[in-house]
Amino acid sequence: MIYIGSDHGGYLIKEHIKTYLTINKIDFEDCGTNSELSVDYPEFAHKVANSVSGDLNNSLGILVCGSGNGVNITANKHKNIRCALCWNSEIAALAKQHNNANIIALPGRYISTLEAEKIIHTFLNSTFEAGRHQNRINLIENE
Ligand code: RB5
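All of the points below concern the structure found in this document. Given the structure is predicted, the values throughout are model-derived calculations rather than measurements.

Calculation notes
- Residues numbered from 1 in each chain as written.
- Predicted model: local features only at pLDDT ≥ 70, side-chain atom pairs only at ≥ 80, totals over all residues.
- Heavy atoms only, no water.
- Near = heavy atom within 4 Å.
- Polar contact = N/O pair within 3.5 Å; in protein donor to acceptor, adjacent residues only side chain to side chain.
- Areas by Shrake-Rupley, 256 points an atom, 1.4 Å probe, with all protein chains shown as cover.
- Core = buried A, V, L, I, M, F, W, Y, C linked by side-chain atoms within 4.5 Å.
- Buried < 20%, exposed > 50% of the residue type's maximum accessible area, 1.4 Å probe, protein only.
- Contact = heavy atoms within 4.5 Å.
- Axes fitted to C-alpha atoms, helices over the stretch in contact; angles between N-to-C directions.
- Helix = DSSP H or I, 4+ residues; strand = E, 2+ residues; numbered from the N terminus.
- Parallel < 35°, antiparallel > 145°, perpendicular 65-115°, else oblique.
- Left-handed = near helix turned anticlockwise from the far one by under 90°.
- Salt bridge = Lys/Arg side-chain N within 4 Å of Asp/Glu carboxyl O.

The next thing to look at is the site of the ligand. Close to the ligand lie Asp7, His8, Tyr41, Cys65, Gly66, Ser67, Gly70 and Arg109, which account for all nearby residues. Backbone polar atom of Ser67 to an oxygen atom of the ligand: 2.8 Å apart, as the coordinates give it. For the ligand, an oxygen atom lies 3.0 Å from a polar atom in the backbone of Gly70. Surface burial for the ligand is 69%, taken as the share of its 290 Å² of free accessible area covered by protein chains.

What follows is the structure, encoded as structure tokens:
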């Protein structure tokens, strides 16, 4: 299951990604927002992060805001969430291969719909390489 959310700055890209997911028969749940009216990005980032952390083995998240930073910072406050800000396919591949990111954050105002599609396609089709990368992930937790 993919949980997807955005603020107003990411709304149009979110809607485009929903079309991509639907065409590719990938299950998703839209956590809002539902228009381009101004909203506060933490609400939607928290919804997606809570959903993903509640089903870590079977879910991923997609978040979009204007820069990608607001939703990224918010999601990474959640335990067991590794959210990666990705602005191209190469970064998206590495986010999964090396960081085992379970949420991807996109800068909606700085990428085209085609770029967003490529980034999501790459993220969903890349595989965590584990090994030394798992050891590094184990070092992230500081609690
Ligand atoms: C909203 O104007 C903008 O601040 C937001 O989408 C995001 O870029 C925040 O980090």
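Counting 20 residues, the largest nonpolar core has Ile17, Ile62, Cys86, Ile104 and Leu106 as the members making the most contacts within it. For Cys86, the residues in contact, after removing those within four places along its chain, are Ile91, Ala92, Ala95, Ile104, Ala105, Leu106, Pro107 and Ile119. Counting residues in each nonpolar core, the second largest holds 14 residues, with Cys31, Cys65, Cys83 and Ile103 among its members.

Quick look at the packing of helix α1 (residues 11–23) against helix α5 (residues 113–125) now. Remark: α1 packs on α5, axes separated minimally by 10 Å, with the N-to-C direction vectors making an angle of 50 degrees. With respect to their mutual orientation, α1 and α5 come out oblique. Between α1 and α5 lies a crossing of right-handed hand. Contact residues: Ile13, His16, Ile17, Tyr20 and Leu21 in α1; Thr113, Ala116, Glu117, Ile120, His121 and Leu124 in α5.

One pass over the structure, following the stated rule, counts six salt bridges. Two residues, Asp30 and Lys14, come together in a salt bridge whose shortest N-O distance is 3.0 Å. Linking Asp30 in strand β2 (residues 28–30) with Lys14 in helix α1, this pair joins segments that are 16 residues apart in sequence. In this structure, Lys47 and Glu43 form a salt bridge, with 3.3 Å as the shortest nitrogen-oxygen distance. One end of the pair, Lys47, and the other, Glu43, are both in helix α2 (residues 41–53), four residues apart, so they sit about a helical turn from each other. A relative accessible area of 43% means that Glu43 is categorised as partly exposed.

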